[in-house]
Amino acid sequence: MIKTEKVLHLKSSRGRKVRVVREHYLREHVPCYSSLCQAQCANEGKVLSGEVTHYVMPDAGVARDFMEILEFREIQGIVFTQTACQAVQHSRGRRQYNRLRSLLKDPRHHCILFANEFQEYSYCPREKGEPQDKWQTRCVYHAAVWYHDHLAGLKPVVMITEDQTAVAEYSSLNCGVYVLCTQEYLQTFWPELQAALELYCSIAQSLQEKGSEGTEREYTEHLPAEILEAGIKSGRYIQGTLNVNKHRAQHEAFVRFEGSSNKSSELNSDVLVCGGKNRNRAVHGDMVAVELLPKGEWRGRTTALTEGQGEEKGDETQSQPMATGRVVGILQRNWRDYVVTFPPKEETQSQSRNSQRILATPWDQRIPKIRISTQQADKLQDHRVIVRLDSWDSTSLYPNGHSVRVLGRAGELETEVQTILIENCIHVPPFSEAQLGEMPVSSPESPWSVDPAEVITRRDLRQTHLVFSVDPRGCEDVDDTLSIRSLPPGPRGERLELGVHIADVTHFVKEGSLTDLEARARATTYYLADRRYDMLPAVLSADLCSLLGGVDRYAMSVMWDLDAQTLAVNKVWYGRTLIQSSYQLYYELAQALLNGEEAEVPELARLPPEERDAKLAQLTQALETLTHVLRAQRDKGGALELEGVEVRAQLDEDRNITALVPRQPLEVHETVAECMIYANHWVARKIQESFPQQALLRHHPPPRQEFFNQLQDSARARGFTIDTRSNKALADSLDRAVAPGPSACPVRAQYYHSGLALDRYTHFTSPIRRYADMIVHRLLTAAIAMEKGAGPAKALASNKELEEVAQQINNKNRAAQHAQKVSTELFQCLYFRDKDPETDERCVADAVIYTIRANGMLVFIPQYGLKGAVYLKNREGQVVSERQDGGCDWQTGSLQRYLDHITTTTAVGTSTFNLFQHITVRISVQPSRCHSDTIRLEVVSNRPHQAPETQVQTTQPQGARGRSQLVQEVVRQAEASQQAEEKRGRASKLSTEEREFRQSKCPNLYSLLEEVRELALLDLAAYCGAFHGLNQHADRLSGLTILLYILGVITMVTRLYLGTSLVLFGK
C-alpha cells in the first residue's frame, strides 16, 4: 500500500472555491468485477459477463451529462470509474449521485464500479496547472488501458467521451482500447437502439443551448443552504412540499409544513403561496423553504369554481385569510419525467437553421411550460413527448429541458394510456428472460408438482382440514382460503380452530432475486380501466400461487384455537403449510348455502346423493360457524364500516365483458373480510413482538379535525350533529342520525371501510399483488424460525433500508390509485367525445348536488359514476334562471350562496338549488389540445331527470348498465379505428409500444375486478382512524348517508388515504 495526497478543488454551498487536501492510499489489488479476470481478484457481488462484445467506459463528462443513455438496459458491460462517479457527485449533487449508486446496485443493469484511483497502476496524479476535466479524461483513459491489460486483452474496451481532442489524442495509442465520441459509439455498436440516439441528440442540443438566455433577472435568487437550514431551525422559515392547485395552477399553491419548528401558534394549516413570482421557480412536488408574508398580505383560498371558466374576482370568492408566504429556497428538487405537447408551428421560435426553441405545454396543468431546443418541432406537432427538466435559472421565465421519447399523437387511446403511466411514475416493462428464467416450470407437458422435501418441512393440511375459498364468480387468482373445524374439548369447554391460508409467494420469489427486485420496484399490481400490469409473472399470479380447488399448493397459514362460546383466543399457530382447497365457492353460492336455499356446489355434483348431502351439510356448517366468529369483538372497539354498492365485471367464456353487475351486500362478504382483517392483525402482533424495530405495519394517524368542517357544517344545516372527537364517537353520532321520510337516493358508488379500531395492523393476505405483503411474509418466516431457535436464513434488512422500501411502497400505492382514477376518467371522456350532447339521450342524466360553491355546485351522476362542476354563473356574468317547466336558461341576474343551498335571482324570479337535490344535467366533453379532456356539465332542469322508457331496464341497475355501455363502446371504437387503419395498409405507429406494455390478454374495462377482490375487501379495511356501523343501518340512513359519502368521504377520506402509510414500528 502506498500513501500519497490528493488535492481537490470543490465548491462550497455559498459558491466559493475550496481547496481540500486528503490522504490517498494506493493498492496493487483492487477488484475488477469481470468474469474474465485472470488475476483472481476478490470479485464479490455483481460481476460483468464475458459474453458481451466489449466493455464500455464513460468518462466524467459522459457520466455527468448523459446518465440517461447509460441507464438503457440494452447497453451492457458498462464500467464506471471512481473518477467519473466522483465527478457526478461533486457537480450534479446528491440526487444525481444517488441515481448513479442505485444503477450500480441494481442487478438488472449490467454495470460495475472500478475504483481506478485506488489502483496503484491506473492512478494518475494531477499535474500542476492541468484543467480538472482534462485530468479526469486522462484518468479514465489510463483506467481503460489498465482494465484491458488486466484482462489479458480478452475483451476490447471502448472509452466514450465528448472531448474531441481526447478522441484525437488517445484513439490510436493502444490496440484494443478505442476512444469514441458518444454519438459515434451509439451509431456503431447500438444502431438498433434508436431511442438512445434520439435522446443523445436531445440532451446535446439542450447542453448547446444552455446559457443562451438573457441576463435580466426574472426571479429572486434562492438563499444558500446554510441560511435556509438555520432559518428552519429558528422557525423563521417553514419547510414543506409545494402542492399546486390544479384548478388555479398559475395563481394558487400550498405548502404543508413538515419537520419545522415554527413557533407561531397561529400556524395550524397549510401556507398559501400566491402567484408565480412568490413561487420563485419551485415546481409542484419540490421540497421548499417558505417565509411568511406580513399578516396584512395574507389571503384566503378561492371558493369559486374556476376550472374551464373565467376566474372570479372579489372578496366573495375568498375564504377566511390564511397564512400566506413566498418561497425563498429549494431544499430538494423532485423533478420527474413529464409528458408535454409540442406547440403549433406558428408558436415556435426559430433558434438556428437546424433547431427551434419551443415552449412545450405539460399534460399536468400544475407544471409550468418547459423550454426545449429541438430539431423536430414541426414533425412532432400535436404529439405527446416525454421531457426532463435540466435547470431553471433566475434569468429565465421558464425551466429548460430536453425531450426523451415520443409517445404518439395526442388523443389516441394508447398514447393517452401511456401518458397516464408516465405521469404517475409507473414503469412496467415486460418481464425479462432472466426474470422468467427464475420461475418454476409449469406447463401441460411438464406440470409442476410438490417437492417431497417441502412435504416434510410443512404442516400438511390436505387430509385433516376442510379448506375452501370464497371469491367473485369466475375468479382465477385465488390468493386466500379459509378453514374451520371443531377441536377436542379443553379445560374451558368446546374449542374451534379457525384458519386463514395465504399463497406462499416468497417460496417462489427469493429475496434479492431479479424477480424480487422487479416486484419491489413495481410495489403493486396496477389496475387501469382496460388492462392491468402485474407485479409478478403470470406463472405465479395466475397459476402456482393461485389456491385453486383440487390442486396441491404451498401456503402461509395462521390458525387460531378459539373458545367456542366466548371466541377468546387460546393460542395462535403460524407456519408454512401444504393445502388442497376442497371447494372454490363464489359469493352468491356461499350466501345461498348460508340462507338454506337450494344450491349446487360443482365439486359435489358427481357424488352419490348420501355422500353429497353429508358433505354439503359439513360445508354449510363451516360457513355458518364463520359468520359469527369475529365481528362482535371488534365492534366494541369502535370500528366503523361504510357499506356501499360495488361493481364487478360479468364475463363470458372468452373473458369478454358482457355487463357490470353491482355487487349486492351479502353477509358472506363481511365474513371473508373479517377473517382477512383478523389475520392481518395477528400477523402484525407477531412480527412486532419478534422484531420491535423492524416490523412493517400500517400507520393510520387520526384525521385532522379541519377535514371534518364541511361535513359538520352540512350536517348541521340538515339538523344533525356529528361528533368527530374519536372514531367511536363518530360512529355513535352516525348511528343516531336518521333522516326522516323516504330515502332520497341510493348512492351508486364505492364507500370506504375505515376505523378498524385495531392497535396493530399490517398487510399479509395479498402477496400476489402487494410487495408489502411479501416483506411481511419474510418477517413472519424469520419470526417463526427465531421461535424455534434457528436464525433467519438471510439477515433482515436494516431499519433504514426497510424505511426506504416502505416509502417506495407508499408512493407506488398512491400512484396506482391515482392512475386508476385518471384512467376511468379517460374512458368516460372517450365515451362522450363523439356524441352530440344536444340530441343524444345518453348525454342527459340525473345528478345529485353534493357541494355548494360561490358560483356553482359540484354534482355526482350515479348512472356513469361521474363527479363534476355545474356553473350557475358564466363568464358574461349571466346566471341560470329556471323556467316554469323546470328548464333553465341564462339570464342577467345575481347569485347568492348559503350553507346548504344557492339561489339565482333574475327578472323572471328566484331559482334555488339545494344540497342533495336531484337535477338534470347535460354531459359533454371539453377538449384540450395539451391536457386531458374533461367532462363538462350543464344544468338542463332544476328537476330530477326522467329517463325515456327505452332506457329503463329492470334486469340491470342504471349505474352498472351505464358504465358497461361506456367501456364497451370506447373499446369497440378503438379496435374499429385500429382495424380501419390496418386495412389502409399502414399499421398503428404505437403497435410496438402496445405489445411492449400491455400484459393482460383481454383488455376489458374492469375485467381486473375479478382479480382485485382484496381491494374490495382488504384495502377498504386499510383506512383506520374514523368510522363505525353504517352497514347495520343502511335501511334507515338516507340523506345523511349521502351526506357522509359525498362530503365526508370526498373531502376527508381521500386525504386520509394520502396520509396512510407503511411505517416501521418502534423506530
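Treat the numbers as computed from the prediction; the structure is a model and nothing was measured.

Draft legend 1. Representation of the overall build of the chain within the structure. When helices and strands are tallied, the chain shows 27 helices and 42 strands. Taken over 1067 residues, the chain has a buried fraction of 54%. Sequence separation of at least 24 residues holds for 70% of the intrachain contacts in the chain that already meet a minimum separation of 6. Of the accessible surface of the chain, which amounts to about 48000 Å², a share of 48% is contributed by carbon and sulfur atoms.

Draft legend 2. The sheet that holds strand E36 (residues 878-882), seen in detail. Here four strands make up an open sheet; going across it, the order is E36-E37-E38-E39 and the pairing antiparallel. On the outer flanks of this sheet lie E36 and strand E39 (910-914), each paired with one strand and no other. Each strand of the sheet is rotated relative to its neighbour by a mean of 50°, with strand direction disregarded. Two strands pair when backbone bridges link them, and strand E37 (residues 888-897) and strand E38 (residues 901-906) are joined in this way by five bridges, in the antiparallel orientation. From the neighbouring strand, Gly-893 faces E38, where its bridge partner is Thr-906.

Draft legend 3. Examining unusual backbone geometry more closely. Notably, Gln-40 is not glycine yet its phi reads approximately 55°, a positive angle. Of note, Gln-40 is situated in the loop between strand E2 (17-26) and strand E3 (55-58). With phi around 65°, Leu-567 is a residue other than glycine that occupies positive phi space. Secondary-structure assignment places Leu-567 in the loop between strand E25 (552-563) and strand E26 (569-580). Taking relative accessible area as the criterion, Leu-567 reaches 9% and is therefore assigned buried.

Draft legend 4. Up close: helix H8 (residues 225-234). Every buried residue of H8 is listed here: Leu-228, Gly-231 and Ile-232. In a view along the axis of H8, the buried residues occupy a sector of 100°, so they form one face of it. Trailing H8 by a residue or two, Gly-235 shows a phi angle of about 95°, which is positive.

Draft legend 5. Looking closely at the packing of helix H6 (residues 182-189) against helix H7 (residues 194-209). It is the contact of H6 with H7, at a shortest axis distance of 10 Å, that shows an interaxial angle of 165°. One finds that H6 runs roughly antiparallel with respect to H7. The handedness of the crossing between H6 and H7 is left-handed. Residues Thr-182, Gln-183, Leu-186 and Gln-187 of H6 pack against Ala-196, Leu-197, Tyr-200 and Cys-201 of H7. Within the contact of H6 with H7, the residues separate by chemical class into five nonpolar, three polar and no charged.

Draft legend 6. Geometry of the environment of Leu-197. On the secondary structure map, Leu-197 appears in helix H7. Given the relative accessible area of 15%, Leu-197 is considered buried. Those residues in contact with Leu-197 that lie beyond four places of it in its chain are Gln-183, Leu-186 and Gln-187.

Draft legend 7. Just the environment of Gly-886, in detail. Of note, Gly-886 is situated in the loop between E36 and E37. You can call Gly-886 buried: its relative accessible area is 0%. C-alpha separation for the pair Gly-886 and Arg-943, spaced 57 residues apart in sequence, amounts to 6.1 Å. Those residues within four positions of Gly-886 in sequence are excluded, and the remaining contacts are Val-940, Ser-941, Asn-942 and Arg-943.

Draft legend 8. Looking closely at helix H4 (residues 132-150). With 19 residues, H4 should reach 27 Å at 1.5 Å per residue; the first-to-last C-alpha distance of 27 Å fits that figure. After H4 finishes, the residue Ala-152 shows a positive phi value of roughly 60°.

Draft legend 9. Here's a closer look at the nonpolar core. Ranked by internal contacts, the top residues of the largest apolar core, which has 83 residues, are Phe-468, Leu-498, Trp-560, Leu-585 and Phe-764. Filtering out sequence-adjacent residues up to four positions away, Phe-764 remains in contact with Ile-502, Met-556, Val-558, Ala-679, Asn-680, Val-683, Asp-773, Val-776, His-777 and Leu-780. Within the second largest apolar cluster, 52 residues are counted, among which are Ala-63, Ala-84, Val-417 and Val-428.

Draft legend 10. Examining the pairing of E38 more closely. Most of E38 is tucked away: five of the six residues are buried. Counted along the chain from E37 to the antiparallel partner E38, the turn is three residues long. Taking the residues that link successive antiparallel strands as the turn, the E38-E39 hairpin has three residues, and the phi of Gly-909 there is positive, at about 155°.

Draft legend 11. Structural detail: the sheet that holds strand E9 (residues 252-257). Strand order in the open sheet made by the five strands is E10-E9-E8-E11-E12, with antiparallel pairing throughout. The open sheet terminates on both sides in strands that have one partner only, identified here as strand E10 (271-274) and strand E12 (325-332). Between one strand axis and the next, the sheet turns by 40° as a mean value, whatever way the strands run. For strand E8 (residues 237-244) and E9, the ladder comprises five bridges, and the chain directions are antiparallel. Residue pairing across strands places Asn-243 opposite Phe-254, the latter belonging to E9.

Draft legend 12. Inspection of the environment of Ala-795 at higher detail. The residue Ala-795 is located in the loop between helix H22 (771-787) and helix H23 (799-833) in this model. Spatially, the C-alpha atoms of Ala-795 and Ala-782 are 9.3 Å apart, while their sequence positions differ by 13 residues.

Draft legend 13. Structural view of the packing of aromatic side chains. This model, assessed by the stated rule, comprises 16 aromatic pairs. For the pair Tyr-141 and Tyr-170, a centre-to-centre distance of 4.4 Å together with 15° between the ring planes defines the contact as stacked. Here the residue Tyr-141 occupies a position in helix H4, and Tyr-170 occupies one in helix H5 (residues 164-170), the gap between them amounting to 29 residues. Here Tyr-141 falls in the buried class, since its relative accessible area comes to 3%. A residue is classified by how much of its surface remains accessible, and Tyr-170, at 8% relative accessible area, is buried. By way of ring pairs, the aromatic residues Tyr-55, Phe-114, Trp-146 and Tyr-147 are connected into one cluster. Just above the ring of Phe-118 sits the side chain of Arg-27; from NZ or CZ to the centre is 5.5 Å. In this arrangement the basic side chain of Arg-458 is found over the ring face of Tyr-554, its NZ or CZ atom lying 4.3 Å from the centre.

Draft legend 14. Representation of the pattern of salt bridges. On inspection of all chains with the given rule, the structure shows 44 salt bridges. Between Arg-388 and Glu-68 there is a salt bridge, with the nearest N and O atoms lying 2.3 Å from each other. A residue pair is termed long-range when its members are at least 10 positions apart, and Arg-388 in strand E17 (residues 383-391) and Glu-68 in helix H2 (residues 67-70) qualify at 320 residues. For the pair formed by Arg-388 and Glu-68, the shared burial category is buried. Salt-bridge contacts for Arg-553 lead to Asp-543; the nearest nitrogen and oxygen are separated by 3.4 Å.

Draft legend 15. Layout of the confidence of the model for the chain. Summarising the model, the chain shows a mean pLDDT of 79, and 75% of its residues fall at 70 or more. Note on residues 655-663: pLDDT is under 50 here. Beyond four places in sequence and across chains, it has 51 contacts. Across residues 985-1061, where pLDDT falls below 50, the model places 267 contacts with residues more than four positions away in sequence or in other chains.

Draft legend 16. Highlighting the side chain of Arg-760. Along the polypeptide, Arg-760 turns up in the loop between strand E32 (753-754) and H22. Classification of Arg-760 as buried rests on a relative accessible area of 15%. Polar side-chain contacts of Arg-760 include one of 2.9 Å to the side chain of Gln-688. Discounting residues that sit within four places of it in the chain, Arg-760 has contacts with His-681, Ala-684, Arg-685, Gln-688, Glu-689 and Leu-697.

Draft legend 17. View of the side chain of Arg-108. Mapped onto the secondary structure, Arg-108 falls in the loop between helix H3 (82-105) and strand E5 (111-114). A distance of 2.8 Å separates the side chain of Arg-108 from the side chain of Asp-106, its partner in a polar contact. The contact partners of Arg-108, leaving out residues within four places of it in the chain, are Arg-73, Gln-435, Leu-514, Leu-517, Glu-518 and Ala-521.

Parameters at a glance
- Residues numbered from 1 in each chain as written.
- Predicted model: local features only at pLDDT ≥ 70, side-chain atom pairs only at ≥ 80, totals over all residues.
- Heavy atoms only, no water.
- Helix = DSSP H or I, 4+ residues; strand = E, 2+ residues; numbered from the N terminus.
- Buried < 20%, exposed > 50% of the residue type's maximum accessible area, 1.4 Å probe, protein only.
- Contact = heavy atoms within 4.5 Å.
- Areas by Shrake-Rupley, 256 points an atom, 1.4 Å probe, with all protein chains shown as cover.
- Pairing = 2+ DSSP bridges.
- Axes fitted to C-alpha atoms, helices over the stretch in contact; angles between N-to-C directions.
- Arc of directions from axis to C-beta.
- Parallel < 35°, antiparallel > 145°, perpendicular 65-115°, else oblique.
- Left-handed = near helix turned anticlockwise from the far one by under 90°.
- Nonpolar A, V, L, I, M, F, W, Y, C, P; charged D, E, K, R; others polar.
- Expected span 1.5 Å × (residues − 1).
- Core = buried A, V, L, I, M, F, W, Y, C linked by side-chain atoms within 4.5 Å.
- Phe/Tyr/Trp six-rings, centres within 6.5 Å; stacked < 30°, edge-to-face > 60°.
- Lys NZ or Arg CZ within 6 Å of the ring centre and 35° of its normal.
- Salt bridge = Lys/Arg side-chain N within 4 Å of Asp/Glu carboxyl O.
- pLDDT = per-residue confidence, 0-100.
- Polar contact = N/O pair within 3.5 Å; in protein donor to acceptor, adjacent residues only side chain to side chain.

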